Structures are given as C-alpha cells and as structure tokens.
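Structural characterization, general
Read off the chains here:
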There are 2 protein chains.
Amino acid sequence: MRPYDERLDQFLSRAAKVFADQGYHSTTMRDLAAATGMSLAGMYYYVRGKEELLYRIQDRCFARVLAGAERALTGLADADALERLHAFIRHHVTFFAAHMAEMKVLSHEANSLTGERQRKVSAIKRRYVDLLEGLLKDVAPDEPAVDRSAAAYVLFGMMNWIYNWYDPAGEIDPERLAGLIARIFSGGFAEARSTVHGG
Amino acid sequence: MRPYDERLDQFLSRAAKVFADQGYHSTTMRDLAAATGMSLAGMYYYVRGKEELLYRIQDRCFARVLAGAERALTGLADADALERLHAFIRHHVTFFAAHMAEMKVLSHEANSLTGERQRKVSAIKRRYVDLLEGLLKDVAPDEPAVDRSAAAYVLFGMMNWIYNWYDPAGEIDPERLAGLIARIFSGGFAEARSTVHGG
DNA sequence: TCGATATTCGAACGATCGTTCGAACCCATG
DNA sequence: CATGGGTTCGAACGATCGTTCGAATATCGA
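This write-up is about the structure you can find in this document. (Residues numbered from 1 in each chain as written. Chains lettered and ligands numbered in written order. Predicted model: local features only at pLDDT ≥ 70, side-chain atom pairs only at ≥ 80, totals over all residues.)

For the rest of this paragraph, the subject is the overall build of chain A. Tallying secondary structure elements over chain A gives eight helices and zero strands in all. Helices and strands in chain A line up, N terminus first, as α-α-α-α-α-α-α-α. For chain A, the spread of C-alpha atoms along the three principal axes comes to 65 × 40 × 30 Å. (Helix = DSSP H or I, 4+ residues; strand = E, 2+ residues; numbered from the N terminus.)

Written out as structure tokens, the structure reads:
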C-alpha cells in the first residue's frame, strides 16, 4: 500500500476512536490533530473537511460490514434458513466487537451527515437491512410483512445497542454474546411461530 | 400550577423536541429561542445554561419512566413473573412511543452530561436497570447471572433502538410493538430455558 | 395609582469553531 | 547538487457559539 493510503487509513481509524469517545459534534479538528499527531492544517491534505471525514469513516466501515456479511453467507447458500440467520447475527456481533469505535460512530452518528453523503450511506444501510429482511422472510414466511420488518429493526436494536454497554474485555466474549442474541431472537421470533404456534 | 412552572414545563418539552430532531450538540441556544418563542437571553431566566437544560429534560423524563414502571408493577405484586416482565415491557414501549422526543434525548444523549449531573442521571438509570434485572431473575432463576445481565441490556436494546426507526403514526401501534418485543424476548430468553431446554 | 417584584430582551463579550493560505519541508530523480 | 512535486504546518480569518448584563416591560398587592 502506498504511504499516502496507509497514512490515510491510520488517520481514519484514530479519528473514529476519538469520534466514538467524544461524539462527532463535540470533537474538534484540534482534538483530532492532537490524537493523530498531525497538525491542524495537515489533516486537510487527506480530507476535505470534518463532515467528509465522518463520511469516509462510515462509508468504509459500512462497506466492510456489508461485504463481510455477504461473505459469511456465501458458503451457506443451501443451508437451513435459521442457520443462515445465525451466521448473519454472529458476523454482525463479532464484527461489532472487533471494531467498536467505528461501529459506534456508525450507530450513533447516523444522522450527522447531510446531502449527498447522507444519501450514499443510507443506500448501503438499506442494502444491509434488506439482506436481513430477506433472511427473516425465509425463517418465518407466514409472519405478516409489517411484523417481520419491525422484527428486523428489533434485532438490529439488540445488536447495535451493544456500544452502550458491552465491554469486549469483560466476562462475555463476542461469540457468546452472539449466541445469546441469536438464541433470544430466533427462539422468540422464529420458533414461536413455526414450532410452538405454527405447524 | 404557577405560571412560572407551566412556562418552564412547556419550555422543557419544546426544547426536548428540538434536541431530538437536531441532536444536543448541534442545537444552538438561538435555535431553542426560535423554537420556543423566547428570546436568547430570556431562556436563562429559567435555566442556568445549556447543559442544565439537557439535565432537566433527562431527569424529569427518567423520573417519570421509573415511577411509571413501578406503578405498572404494583398491582401485579403476586402475579406471574412472566406477566410482570410483560407489564414492564409494555409500559416502557408505550411510554417511549408517547414521549418519543424526550426518550430519544434520553437514549441518544446519555453521555452528553458531565460531573454531578452525569452522576445523578446515571443513578436513576441504575435503579431502572436493577428493576428489570430483578424481573429477569424471577423469570429465569437458573440463568447465569452474567447472561441475565447481558440479556437485560439486549432487551433494552430492542426497546430503546425504537427511536431510530419507529413511526408512531405508522402501521404498528405501540401496543402491538410491545407485544412483538415481549413475544420475541420472553419466547427466546425465558421459554428457551424453562420450557424447551430446561424442565 | 404607585411601587416592588417578576419576567423579558437587545446588545455585546470572549472563546472557540472549521477552514484557508502560502511558505517550508522532505525526498526521489536527473 | 539542483529541481520538482508530494507532504506538512504556523498563523490567521470570519463565523458562530454559550453566556452575561443592565435596562425595559409586565404583573400585581396595597
């Protein structure tokens, strides 16, 4: 990788950490300069401005999440619907735990972008939501569409809320947390339909 | 109610709406002045500053949530553990739907307070979390404490994430959403233990 | 009606914000 | 060593922020 790209990458990662700790709006460009070791003016050689910095972080991270999820599902094209759902959950939670800072910025600063950048990130997010809703359709085909859509957001709530409480260095490792969430959701959403109430 | 208190109350409500729409940090005191009809300087007669305004909103709202939850459980002291959990969920979700703006500020701006005010709000939050964890202990006594604690936060994730997607004027009314969440959580968390896997 | 108290506000302050600009620096190539 | 483009940065700009202060206005009991 060219020195430029490498330096940009490191800059984005460190900036994401600061955004995650202090929040986007209350982080100043001077804070970022101090945290990255660059000068105030020097950062503008890599990024057009503060909002583009946020955009670059979100775009890069979201693209990775989406690509990772699709990759996690490619090997399971013929697998059980529930198994594919679990793979999606496991990937999301472990990725989240491994990239807490970026994912916190993604979750918490979802509405801090404007205009074209806002739309571009929303487009990726839309694809990611659609991916999950497709999985839910396979898991619970008889569920009313409106409930299924709500269930998708409820599941995202379980997973994305993580940044408010989860400590990756604590007692629960990411795999166990993913298992807990998968158990709670599929046990309540899928089985309550197909096994208990359904056929 | 004295005119002063009434005006303060209305001021807090309208400010909460602006905070919910624009975010706390990017809302200026001038924005609030325009939204409330007060003058810039006039607001400082009611509130010591911007952060105290956020504190007053959070404190007032959290106190109501906590009191409401306790009230919703008082009549069910001898009821089934699962039934009490459902009552908690139903109260939280319906209160959330009825006070979206304040609750969004509560969820999204949890770390925007500092010092003494931060601690005071955290204390109320702690009591509220403890209330739920107590309910979960009754529902699933055999669950490992660490999983039960995580499950509490997972449930809060389902409910609090609402502000990112839920439209109270949409197809799903709050009661139905509360039912969906209660079904998902208790079906997956409680029953997977006591009914399916447990005894 | 008068005076005291409660409430409102125009105008301004100092601080800090994101951004810009031109010069200085680094370093591979001739 | 000279040169040119890629990279860094000190210093400053205008804008906007939260807050303050003293005066102006509203309210109400005596």
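So, on to the protein's contact with DNA strand D. Lining the immediate environment of DNA strand D, one finds 18 residues, of which S39 and A41 of chain A together with T28, A41 and G49 of chain B sit closest. Elements with a minimum of two residues in the surface near DNA strand D: α1 (3–22) of chain A together with α2 (29–36) and α3 (50–74) of chain B. Per-element tally for the surface near DNA strand D: the top contributor is α1 of chain A, with three residues. Looking at the surface near DNA strand D residue by residue, the classes come out as ten nonpolar, four polar and four charged. (Near = placed C-beta within 6 Å. Nonpolar A, V, L, I, M, F, W, Y, C, P; charged D, E, K, R; others polar.)

A few words on the relation of the copies chain B and chain A. Of the two same-sequence chains, chain B is brought onto chain A (RMSD 0.0 Å, axial shift 0.0 Å) by a rotation of 180°. What the rotation and shift describe, once combined, is the action of a two-fold rotation axis. For chain B, the smallest separation between a C-alpha atom and the rotation axis is recorded for G188 of chain B, amounting to 2.0 Å. Of the interface residues in chain B, 100% have counterparts in chain A that sit at the interface too, so the contact is made through matching surfaces. (Least-squares fit on C-alpha atoms with pLDDT ≥ 70 in both. Contact = placed C-beta atoms within 7 Å.)

Moving on: the protein's contact with DNA strand C. Close to DNA strand C lie 18 residues; T28 and G49 of chain A together with S39, A41 and Y45 of chain B are nearest. Taken together, the elements giving at least two residues each to the surface near DNA strand C come down to α2 (29–36) and α3 (50–74) of chain A together with α1 (3–22) of chain B. Per element, the largest residue contribution to the surface near DNA strand C is three residues, and it comes from α1 of chain B. Along the lines of polarity and charge, the residues of the surface near DNA strand C split into ten nonpolar, four polar and four charged.

Time to look at the interface of chain B and chain A. Listed per partner, the contact involves 29 residues of chain B and 29 residues of chain A. Residue assignment for the side of chain B that touches chain A shows that the elements contributing at least two residues are α7 (145–160) and α8 (174–197) of chain B. Looking at the side of chain B that touches chain A residue by residue, the classes come out as 17 nonpolar, eight polar and four charged.

A separate point is α1 of chain B. Residues and elements named next belong to chain B. For α1, which comprises 20 residues, the first-to-last C-alpha distance of 28 Å matches the rise-based estimate of 28 Å (1.5 Å per residue) to within 8%. Those residues of α1 that fall on the buried side of the exposure criterion are F11, A15, A16, F19 and A20. Down the axis, α1 shows its buried residues gathered within 165° of arc, on one side only. The exposed residues of α1 that point more than 90 degrees off its buried face are P3, E6 and Q10. Buried residues in α1 make contact with α2, α3 and α5 (100–108). (Expected span 1.5 Å × (residues − 1). Buried ≥ 20, exposed ≤ 12 C-beta atoms within 10 Å, placed from the backbone. Arc of directions from axis to C-beta.)

Residues and elements named next belong to chain A. Where α1 meets α2, the axes come as close as 10 Å, and the angle between the chain directions of the two elements is 125°. The angle between α1 and α2 places the two elements in the oblique class. Relative to α2, α1 is oriented so that their crossing is right-handed. Residues F11, R14, A15, V18 and Q22 of α1 lie in contact with α2, whose contacting residues are D31, L32, A35 and T36. Here the residues of the contact of α1 with α2 sort into five nonpolar, two polar and two charged. (Axes fitted to C-alpha atoms, helices over the stretch in contact; angles between N-to-C directions. Parallel < 35°, antiparallel > 145°, perpendicular 65-115°, else oblique. Left-handed = near helix turned anticlockwise from the far one by under 90°.)

Residue and element names in this part refer to chain B. Relative to the helices and strands, A190 is located in helix α8. The sequence separation of A190 and P174 amounts to 16 residues, and the corresponding C-alpha distance is 23 Å. Once residues within four sequence positions are removed from consideration, A190 is found in contact with L82, V139 and A140.

The next point concerns the packing of helix α6 (residues 115–139) of chain B against α7 of chain B. All names here are of chain B. Put simply, α6 and α7 touch, their axes get as near as 10 Å, and they point 120° apart. Between α6 and α7, the angle is such that the two are oblique. Crossing handedness for the pair α6 and α7: right-handed. Where α6 abuts α7, its residues V129, L132, E133, L136 and K137 lie against R148, S149, A151, A152 and L155. For the contact of α6 with α7, the class distribution of residues is six nonpolar, one polar and three charged.

Here the focus is the environment of D59 of chain B. Among the structural elements, D59 of chain B can be located in helix α3. Ignoring anything within four residues of it in the chain, the contact list for D59 of chain B reads K120 and V121 of chain B.

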